[in-house]
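One letter stands for each residue in the lines below.
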Amino acid sequence: MRIALAVLFGRAVRWLTRLRGGGSAMPGNVALLFAPKFLEHAFSQVENGIIFVSGSNGKSTTTNMLARILRAHGLRVFTNPSGGNLPQGIASALLADVGLNGLVVADVAVLEVDEAYSVGLSRRLSPTTTLLVNVQVDQLNRFFEPARVAKMLSTLADATSRNLILNADDDSLREIGHRLGKDSPSKNVSWFGVAPSLLSTAPHGLANVIQMDATKALERPTVATEVASVSPLRAQLRIGSNQTEVPLPARGLHYAVDAAGAVQASRVVLGETFDADLAVAGLASMDTVYGRGEIITVRGEDIEVIMMKNPPSLQMNLDALEARPEQLLVAVDEGTPDPSWIYGIDLSSLGDVDIVTGTKAWQIATRFAYDGHAVRNVEPDPDKAVEWFLALPRPTQGVKVMLVNYELMMSIRKRLGFLELEGGNR
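The structure presented is a predicted model; accordingly, all values stated were derived computationally and were not measured.

### Here we look at unusual backbone geometry
And then number 1: Its identity as a non-glycine residue notwithstanding, Ala 207 has a phi of 65°, on the positive side.
And then number 2: Turning to its location among the elements, Ala 207 is positioned in the loop between helix H10 (196–199) and strand S7 (225–231).
And then number 3: Positive phi values are uncommon outside glycine, yet Arg 299 reaches one of about 55°.
And then number 4: Locating Arg 299 in the fold gives a position in the loop between strand S10 (292–298) and strand S11 (301–307).

This is how it looks when you write it as structure tokens:
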């Protein structure tokens, strides 16, 4: 009875929040209020286990990629497609999929999981497989230091019953894999990464946390799926002993790394039934995850939205630009409490800025001026700034670019009429 009430009331709140355009967590909070064990119940009959995807950056894209690959192989997959990776976000995604009995009908669940919540969720949901993408500098106001994130992910690895898929080019994850090789040899640990020759050409590498004590540095393990080369929207992967070209949802080496992780995880989960051609088809079927290099069409004009989440992701996104944006809007608000980290970013791939907006507009404008980039307009009101930016003549080359932090990315998308975050789960 409690489960049915959780579904009914959660769906009612979901409908109401959609009417006002958004709100991915509130319906899940309501469902968990009525049935605190809603998550445990929902996944209790998933036939082939639960896959967790976690780490600092790339979780949403990697989760989406992995789900698409598994579906291309004929599996019924449940996932949380909107990036809601806290318990309430996962519960909200469930409300779009389950019946009144609250049960997920799927062969496998692929869940993006927040680093901090991964420990508690692993106790509740018992993942059979975990894919860890990286440990990077992120949310220092919340985590204080990357070492805490590494410890959380290490605890998640311990709680995973069968398979671990780790990034071989991440010092923190190499330490986790090395420890498990000694302490838990029964667990299957496999690796993905980037060919050293390719990684050496990346302007800022992968921006993963580096082990500063050379005496503790671990040898790079044998990599099962490796990025051999990358072009704007394609990558060559070495899958075992074979080379396969795969499509990418957006520019950048970091998206190729996400694809390698998703492919390796699918190889582990599928075993002998893995088919590289089906993996390519699955990757080709996915859309860009919202805000991650997403192209939206507004009033007949394409606009690229690049999210400014933290130093590593911003730097990798800037490194991936093919040319300086001819027209650029930058938007930062209180969702970035301390924007001083932007002083550590190499902005040389950007030119002048047409307009800066948000409550942090003047601080961001000062940062660009510090590097000699002209800022043509400062308008703290995002509504006015977006309208001004859209009214500019179309660029002679490329598209307009919006560089925005997470909170303003969500509100600007909503203002422009992009209300739907959750896709279908099948």
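### Observations regarding the packing of helix H2 (residues 26–34) against helix H5 (residues 87–95)
And then number 1: Taken N-terminus to C-terminus, the directions of H2 and H5 make an angle of 90°; their axes are 7 Å apart at the nearest point. Accordingly, the angle class assigned to the pair H2 and H5 is roughly perpendicular. Judged by residue contacts, Pro 27, Gly 28, Asn 29, Ala 31 and Leu 32 of H2 engage Pro 87, Gln 88, Ala 91, Ser 92 and Leu 95 from H5.
And then number 2: For the contact of H2 with H5, the per-class residue count stands at six nonpolar, four polar and no charged.

### Structural notes on the environment of Leu 237
And then number 1: Positionally, Leu 237 belongs in strand S8 (residues 234–239).
And then number 2: Here Leu 237 falls in the buried class, since its relative accessible area comes to 0%.
And then number 3: Along the chain, Leu 237 and Gly 193 lie 44 residues apart, while their C-alpha atoms are 9.7 Å from each other.
And then number 4: Filtering out sequence-adjacent residues up to four positions away, Leu 237 remains in contact with Thr 225, Glu 226, Val 227, Asn 242, Gln 243, Thr 244, Val 246, Ala 256, Ala 259, Ala 260 and Val 263.

### Re the pattern of salt bridges
And then number 1: Throughout the structure, instances matching the rule amount to 18 salt bridges.
And then number 2: Between Arg 179 and Asp 158 there is a salt bridge, with the nearest N and O atoms lying 2.9 Å from each other. Linking Arg 179 in helix H9 (residues 171–183) with Asp 158 in helix H8 (residues 146–159), this pair joins segments that are 21 residues apart in sequence.
And then number 3: Assessed through its relative accessible area of 25%, Arg 179 is described here as partly exposed.
And then number 4: Each of the salt bridges in this network shares a partner with another, and the network as a whole consists of Asp 169, Arg 220, Glu 226 and Arg 238.

### A word on the nonpolar core
And then number 1: In this structure, Phe 38, Phe 43, Leu 94, Val 104 and Leu 111 are the most contacted members of the largest nonpolar core, which totals 42 residues.
And then number 2: Once residues within four sequence positions are removed from consideration, Phe 43 is found in contact with Ile 50, Phe 78, Ile 90, Leu 94, Val 104, Ala 109, Leu 111 and Leu 125.

### Section: the sheet that holds S8
And then number 1: Read from one edge to the other, the open sheet built from nine strands follows the order S2-S3-S1-S4-S5-S6-S7-S8-S9, with strand pairing classed as mixed. Every interior strand has two partners, whereas the edge strands, strand S2 (77–79) and strand S9 (242–247), have only one. Strand-to-strand twist of the sheet, defined as the mean angle between neighbouring strand axes without regard to direction, takes the value 20°.
And then number 2: Pairing analysis gives six bridges linking S8 to S9, with the strands arranged antiparallel.

Rules used in this analysis
- Residues numbered from 1 in each chain as written.
- Predicted model: local features only at pLDDT ≥ 70, side-chain atom pairs only at ≥ 80, totals over all residues.
- Heavy atoms only, no water.
- Helix = DSSP H or I, 4+ residues; strand = E, 2+ residues; numbered from the N terminus.
- Axes fitted to C-alpha atoms, helices over the stretch in contact; angles between N-to-C directions.
- Parallel < 35°, antiparallel > 145°, perpendicular 65-115°, else oblique.
- Contact = heavy atoms within 4.5 Å.
- Nonpolar A, V, L, I, M, F, W, Y, C, P; charged D, E, K, R; others polar.
- Buried < 20%, exposed > 50% of the residue type's maximum accessible area, 1.4 Å probe, protein only.
- Salt bridge = Lys/Arg side-chain N within 4 Å of Asp/Glu carboxyl O.
- Core = buried A, V, L, I, M, F, W, Y, C linked by side-chain atoms within 4.5 Å.
- Pairing = 2+ DSSP bridges.

Just geometry here; none of it tells us what the structure is for.
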